[in-house]
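Chain by chain, the residues:
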Amino acid sequence: MTRVAVIGGGHNALVAAAYLAKSGFDVDLLDKADTPGGLARSRPIAEGHESLGTLSDTARFRGWVEDELELSKVGLQRVAKTHRLTLHKPEAPPIYVHGNTADGSSAESHKRSYQAFIEFLTRISPTLRTVIDQTPLDPLGPVMPLLGPLLKVRRLGAKDMTEVMRISSMCIADWLRDSLEDERLGAGLCLDGLDGTWAGPWSPWTALNYLLKWTTQGTPIVGGAPALAKALIERAEQLGARLHLQRTVTKIVVENNVVRGVEFENGQMHQADIVLSALDPKMTFLNLVSRGATPPSLIRRVDNIRMRGTTAILDVALSGRPVDHVGTSIERLRNAHSFDQIEQAFDCSKYGRASAHPIIDILVMDASGGAICPDGHSIASVTVRYARMLSNDGLSEQDRAEFKSCIYSAIESACPGFRKMVIADRLQTPDDLHRDYGLSGGHLDQGEMAPDQLLFMRPTIELSKYKTPISGLYLCSNGSHPGGGLTGVAGALAAKNIIKNP
Amino acid sequence: MYDAIVIGGGHNGLACAAYLAKAGRKVLVLERRHVLGGAAVTEELYPGFKYSTCSYVVSLLRPQIIRELNLAKHGLTILPLECSFTPHLEGPGLVRWPESAKTRDEIARYSKRDADVYPEFGRAMLNLARWVKPIIDMPAPDPTSFMPQHLSAMAKLAQRFRSLSPEALSQMTKMMTLSAVDFLDEWFESPILKAPMAVSGIIGTFLGVRSPGTAYVLLHHYMGEIDGAFRAWGLSKGGTGEISLAIARAAEQLGADIRVNAPVAKILMKNGSAQGVVLENGDELKAKIVISGCDPALTFNGFVGRDHLDSEFLSHLDRYRLRGSSGKVNLALDALPEFTCRPGRGLHMKGDIAIAPSIDYLERAYDDAKYGEFSKRPYMNVVIPSLTDPSVAPPGKHVMSIFVQYAPYHLKGGADQWPQQRDAFGDTVIKTLAEYCPDLESKILHRHVLTPWDLEKEYGLTEGNIFHGELSLEQLFFFRPAPGWARYRTPIDRLWMCGSGAHPGGGVMAAPGRLAALRILKEGAV
Ligand SMILES: Cc1cc2nc3c(=O)[nH]c(=O)nc-3n(C[C@H](O)[C@H](O)[C@H](O)COP(=O)(O)OP(=O)(O)OC[C@H]3O[C@@H](n4cnc5c(N)ncnc54)[C@H](O)[C@@H]3O)c2cc1C
C-alpha cells in the first residue's frame, strides 16, 4: 500500500486524508497541535465556552466534498438559511441582509438595484464555479482541455461575459458604487472582496475576489467550523486514516529528487512514499524542504509569494446574546458603512500600524445554533481589519491592549451592552497566528488573494497543480488553488491528483 | 461637402485627418482654441518662453507615423532625454544615467545587490515590452463576437500569449496586475531606487504606487521608441506642440483643411445618424462622417446629446471613469536653480527630475487625494527643456515644466473650489520643490498653474483627465471606451472616435488617430 504522510491537521489535511484513505492509501496525518482541526478547530475561551474556530465562515465548504466524503454519515448538517447580516451605521437604522433581500435601506430603487446585482451574480455563478472547483488549467499546456471552459465562459453570452471580464480588475468600491445605489450596502458587502487581500476597497482587483467568494458560497454548517472539524476528523478516522498529534515535522526528507518521508523534532524519521503538505508553500519550501533539493528559481518565486496578514480574530465568550443598537439580536454584524471608512482603516496597514477605528465582522452563535456554551450564553467570533502586520520586533503588550480597546469600542458602538456580557476573550493578531498555527506572515489564507496568486499562478506557476518538482511531494493548503476560507477544495483536488497518478 | 469632419485639433485628430487625406479623402479639422495641438501644444505664455503647457515628454509616438507622414520633413525633431535625477533632502540623491557603469555606481551607494540586478531588470522589461507592444498597434478585437475577423484576432492573441515561457508568463501576469511597489519589491531592496521607479506607474491615474495594477505602466518606460530604437523619453524640439504642428503640416500638404477658433457646439443629427456639425456661431457644416477627437464624455454628453443614445450605452458612459488627478506648473526662470543635494548646474539636471524621495511619501500624497484634497507634499516630475533645447527660452534663461500629482478634480468641497484653490496649489508645488532647491523662488519670472479644473475648461479635458479616461484595465483594449465599441465606431451611425478615449489610449502616441483612420478606410465608411 502506498504510504502517505500528510503534514498539518487543518481542514484541507483532513479532507485529503479522508479522500486518500477512502481510495486505499495508507494515510498518517501528522499535526503539531494537541487537537486536530487547524484553523477550524475550537479553542476554549472560558470554562464551558469554546470558540467558533479561527476561520469561522463555513458557508463556502463545498457541497460536493461533503457528498463525496459522505459527511452526513457523521452528522454534518447545513443550516436552512444563511445568517442574517446586520449592517451597522451610527445613528441610522440598521440594514438587514438576508440571503437575497436587503431590508431597512429605505428607497425602493435601492432594493431593485440589489435584486439586479444578485440576479447577475446568480447567473454567472455556475460557470465561475466550474472553473474554480477544478485543478487549474495550464494556459501553456495542451489546447484541448482549455477549450471546454472557454466555451462555457462564452456561453454566458456576450453581455455577462464582457461584464465579468470588465469587472474583474476593478476596485470593489467602484463596482459596487456602480451596481448598488446604496453605498452603505456596498460598503457592508465589500468586506468579502477584501478577505485575504492586502487591499482596501479602492484597490483594483478586489472585485474579482468578491466574485470568487460570492459564486462559491452556500449555507453555513450547523455548529460552525468546530462541527466541520469534528466531522472531518471522525470521517477520516472511520475511513482508516491515522491521526498523530503533537508531532512537529521539521524536515521533508528528499533524496535524488524523490521524497522519502519526514523527520520530527527529535530526529526520528517517518518514512512515506508520498508527502502531502498542508502547510503554506513558504513554510513547506523555505523551512521544511532542504534548500539543495529545489531549483533556485522556484525558491525565489516562493520567497516572493505575498503573505501580509492584516486580519485579527477576537474570540469572545458572552453571558448573553448581543443585540444591535435598535435591540435586534445579532447573527452576524458588520460596522462598515462607507468605502472611505474602510479605506482609511486600511491606510494604517500601509504604514505598518493597526487601525484605531477597526472594521469588525461579528459572528454570534449560541447553544441552539450548535455553539459550545451554556444555555443563554453565546460565543462571538470577531474578524477585525486592519491589524498590524507581523514584524520582527513583535507586538508590545501596550500596543496589543490599545488595539483591543479600539476593537471593543467599535463593537460597543454597534452592539450596546456587549462589553458588559464579556466573560472572557482571546485576541489573535497576525503575530499570534504566525506563532500558534505556523502561518507565514500571520496570513489566514496562506497567500494573499491577488490575481497573480490565483489559478495557475497559485502558489507559483510550477506548483499550481498541487504537484511539485520533487517526486512524491504534493501541496494541499489554502496557499494552493482556490485559496482562502474553509472550502475543502485544495484538499480534495490535491488528493484526487494523487489518486489519479500515484 | 467634406468626406469627414474631425472635431478637435489635438494630435490624434490631426493624425486621423492626415491619414484620411493621404487616402484622398476630403477632410476638415475644427479646433476650438486659437492654437492646434490640444494637450500636445506649445504656447508662448510669457514673451520669449515657449511652454509645453500640458504634455512635456514623448516616448510612445508611433514610429510608423513619423515615417508614413514624413514628420521629420515637416520639422519634427525628437531630442533624447536620458538621465533621471531624484534629489533628496539628505544625502546626494540618485541619478540614473544613460551609461550603465555610472548608474551602477549611483545605485551601489544604496545597495550593491540592486546595482547588480538593475541591468537584468531592464532586460526582463524589454522582453516583456516587446511582447506587449504589438497590442498598441492593432485595433482591439471583440472577444464576445463570433465573426471570423474577431475570432482570428483573438486566436492570434491567444497564440502569442501561449508562446511565452512559464517564467515569462509568470512575470507578465505580475506585471499586469501587481502594484508598482510589490512588483519592484520582487527585484530590488533599496526604497531610494524603488520610489522613483514606481512613480511611472501612477502618472495620470487615480491610484497610488501601492495600488494593484500600477506595475503595468512601468513597462511604458521600456516601450518608448525614438527613431525606432528603444529609449525612455524624449523632448520635441520647439516644445511638444511641434509634434502636433508637424502632423498638421503633413495633413495640410496632403490636402486637409484645418480651422482654429472654430468651436463645435453640436453634432448635427438626423434619424439617429450624424450629418455634420453645428459650430458655436451657428454655422452648419455637413460631411459624410464625423470623427470626434474629444473625450467620450464631451463627445456623447456634449456634442451628441443623451437623447440620441440607448440606456445601455448611457450606463457605460456614466461608468466611464475620468476623474483627473494631475496638475501642471510651468515656470519661466531668470537663471537655473541649484539642487542642494547635488551642487552645481550639471548634467544631472538635463533629464527628468523626480520628487519621489520614498514610497511612503508617494503613498501619502495619494492618501490626500483619495479623500478629496490636493497632496500637501506632492509627487512632481520636473523637466527643464531649455537645457536640452535652448530654442524654447531666451539665451541664459530657462523654462521649467512641473507635472504634479495628486490634484484630484473632485475636491472635497466640489470641483468648483479649484479656482479659489489654484494659487494655494501653485504655492504648495513651489514650496515643496524649493525644499530641494532653495534658490528656485528668487529665479521665477512667471508662473502658470494648471489645475484639473483648468484642464477641463481650457483644454476640453473632461474632469481634467489627461488621458481622456483612466488607463485602468477595465477601460483599456476591448473596453475602451465601452464594451463592444472599441473599434472607433460608435452607436451613432456615421460618428467615429479617434482621440485618446479610444484604443490604445492616452499619451502623445498618435496611435488612436492613425488606427481610427485606417479602420474608417478599411470599412469603406468614406
Ligand atoms: C498636464 C498634462 C501633461 C501631460 N504629459 C504628458 C507627457 O509628458 N507625455 C505624454 O505622452 N502624454 C502626456 N499627457 C497626455 C497627452 O497630452 C494626451 O493624452 C494627448 O495629448 C491627447 O491627445 P488627443 O489628440 O487624443 O486629445 P486632445 O489633445 O485633448 O485633443 C482634443 C482637442 O479637441 C479640442 N476641442 C475641445 N472641445 C472642442 C470643441 N467644442 N470644438 C472643437 N474642438 C474642441 C481641444 O481644444 C483639443 O485640441 C499630458 C496631458 C496633460 C493634460
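Relative to the assigned elements, S169(A) resides in the loop between α5 (158-168) and α6 (172-179). A distance of 3.5 Å separates a polar side-chain atom of S169(A) from the backbone nitrogen of E474(B). Beyond its immediate chain neighbours, meaning those up to four positions away, S169(A) contacts P204(A), W205(A), L473(B) and E474(B).

Another aspect to go through is the site of the ligand. All names here are of chain B. Around the ligand, the structure places 37 residues, and the nearest of them are N12, E31, V57, H468 and S500. At a separation of 2.9 Å, a nitrogen atom of the ligand approaches a polar backbone atom of V264. Within the side chain of H468, one N or O atom sits 2.8 Å away from an oxygen atom of the ligand. The protein chains hide 95% of the 1000 Å² of surface that the ligand would expose on its own. The class makeup of the residues in the shell around the ligand is 20 nonpolar, 14 polar and three charged. In this structure, the shell around the ligand is formed jointly by two domains, domain 1 (2-40 + 59-74 + 237-321 + 472-522) and domain 3 (323-459), each of which donates at least three residues.

Turning to empty space enclosed by the protein, a few remarks are in order. All names here are of chain A. In the structure shown here, the tally under the stated rule is eight cavities of 30 Å³ or more. Considered as a void within the structure, the largest cavity measures approximately 480 Å³ in volume. Taken together, 33 residues line the largest cavity, and the ones lying closest to its centre are L55, D195, K213, T383 and D445. Sorting the residues of the lining of the largest cavity by element identifies α7 (183-194), α8 (206-214), β13 (311-318), β14 (332-334), β15 (359-366) and β16 (378-385) as the ones contributing at least two each.

All names here are of chain B. One open sheet holds the seven strands; their spatial order is β7-β6-β16-β17-β18-β15-β19, and the pairing between them is mixed. Strand pairing shows two members of the sheet lacking a second neighbour, β7 (94-96) and β19 (444-450), which therefore form its edges. Looking at each pair of strands side by side, their axes are set apart by 20 degrees on average, direction ignored. Of the strand pairs in this sheet, strand β16 (residues 352-355) and strand β17 (residues 379-383) are connected by four bridges, and their pairing is antiparallel. What sits directly across from I353, in β17, is V382. Sheet strands touched by helix α14 (residues 418-434): β15 (326-333), β16, β17, β18 (398-405) and β19. Its angle to β19, the strand with the most contacts, is close to 125 degrees.

Residues and elements named next belong to chain A. Read from one edge to the other, the open sheet built from five strands follows the order β8-β2-β1-β12-β18, with strand pairing classed as parallel. Strands with a single pairing partner mark the edges of an open sheet, and in this sheet they are β8 (242-244) and β18 (473-475). Neighbour-to-neighbour, the strand axes of the sheet open up by a mean angle of 20 degrees, direction not taken into account.

Another point: the domain arrangement of chain B. All names here are of chain B. Looking at chain B, the domain boundaries give domain 1 (2-40 + 59-74 + 237-321 + 472-522), domain 2 (117-224) and domain 3 (323-459). Contacts between the two partners involve 17 residues from domain 1 and, on the opposite side, 19 residues from domain 2. Note on domain 1 versus domain 2: buried area summed over both sides is about 1500 Å², and carbon and sulfur give 66% of it. Linking domain 1 with domain 2 are one salt bridge, by the criterion used here. R62 is the partner of D137 in a salt bridge, and the nearest nitrogen-oxygen pair spans 2.9 Å. Our count for the contact surface shared by domain 1 and domain 2 stands at five residue pairs in polar contact (both at pLDDT 80 or more). It is helix α16 (residues 511-522) that contributes the most residues to the side of domain 1 that touches domain 2, three residues altogether.

Right, let's get into helix α5 (residues 148-162) of chain B. The end-to-end C-alpha distance of α5(B) is 20 Å, a good match for the 21 Å that 15 residues give at a rise of 1.5 Å each. Packing partners of the buried residues in α5(B) comprise α4 (112-136) of chain B.

What follows is about the packing of aromatic side chains. Following the criterion strictly, the structure yields 24 aromatic pairs over all chains and no others. On the basis of an interplanar angle of 70 degrees and a centroid distance of 5.8 Å, the ring pair of W175(A) and Y210(A) is categorised as edge-to-face. One end of the pair, W175(A), is in helix α6; the other, Y210(A), is in helix α8, with 35 residues separating them in the sequence. Neither residue differs from the other here; W175(A) and Y210(A) are each classed as buried. Summarising the aromatic geometry, the rings of W198(A) and F346(A) are spaced 5.3 Å apart at their centres and angled 80 degrees between planes, so their arrangement reads as edge-to-face. Here F346(A) lies in helix α12 (residues 339-350) and W198(A) lies in the loop between α7 and α8, a separation of 148 residues in the sequence. F346(A) shares its class with W198(A); the two are buried. Chaining the aromatic ring pairs together yields one cluster made of Y118(B), F121(B), F183(B), W187(B) and F188(B). Stacked on the ring of W97(B), the Lys or Arg K102(B) has its end atom at 3.8 Å from the ring centre.

Attention now goes to the interface of chain A and chain B. Taken together, the contacts link 40 residues of chain A with 40 residues of chain B. Summing the contributions of chain A and of chain B, the shared interface buries around 3700 Å²; its carbon and sulfur component is 56%. Contact with chain B buries area across many residues of chain A, yet L140(A), R154(A) and Y351(A) alone supply 18% of it, more than any other trio. Across the chain A-chain B interface, the total number found is 13 salt bridges. E363(B) is paired through a salt bridge with K350(A); the nearest N and O atoms lie 2.5 Å apart. Counting across the chain A and chain B interface gives 21 residue pairs in polar contact (both at pLDDT 80 or more). Contributions of two or more residues to the side of chain A that touches chain B are made by α4 (144-154), α5, α6, α11 (296-303) and α12 of chain A. It is α5(A) that contributes the most residues to the side of chain A that touches chain B, seven residues altogether. Tallied by class, residues from the side of chain A that touches chain B come to 18 nonpolar, six polar and 16 charged.

Here N304(A) is to be found in the loop between α11 and β13. Residue contacts for N304(A): discarding those within four places in its chain leaves Q453(A) and E186(B).

Thresholds, definitions, all that
Residues numbered from 1 in each chain as written. Chains lettered and ligands numbered in written order. Predicted model: local features only at pLDDT ≥ 70, side-chain atom pairs only at ≥ 80, totals over all residues. Heavy atoms only, no water. Helix = DSSP H or I, 4+ residues; strand = E, 2+ residues; numbered from the N terminus. Polar contact = N/O pair within 3.5 Å; in protein donor to acceptor, adjacent residues only side chain to side chain. Contact = heavy atoms within 4.5 Å. Near = heavy atom within 4 Å. Areas by Shrake-Rupley, 256 points an atom, 1.4 Å probe, with all protein chains shown as cover. Nonpolar A, V, L, I, M, F, W, Y, C, P; charged D, E, K, R; others polar. Domains from an automatic or database assignment. 1 Å grid on protein atoms, 1.4 Å probe; cavity = no way out; pocket = protein on both sides within 12 Å on 5 of 7 lines; lining within 4 Å. Points joined across faces, edges and corners; volume = space filled by probe spheres on them. Pairing = 2+ DSSP bridges. Axes fitted to C-alpha atoms, helices over the stretch in contact; angles between N-to-C directions. Buried area = accessible area lost by both parts, 1.4 Å probe. Salt bridge = Lys/Arg side-chain N within 4 Å of Asp/Glu carboxyl O. Expected span 1.5 Å × (residues − 1). Phe/Tyr/Trp six-rings, centres within 6.5 Å; stacked < 30°, edge-to-face > 60°. Buried < 20%, exposed > 50% of the residue type's maximum accessible area, 1.4 Å probe, protein only. Lys NZ or Arg CZ within 6 Å of the ring centre and 35° of its normal.

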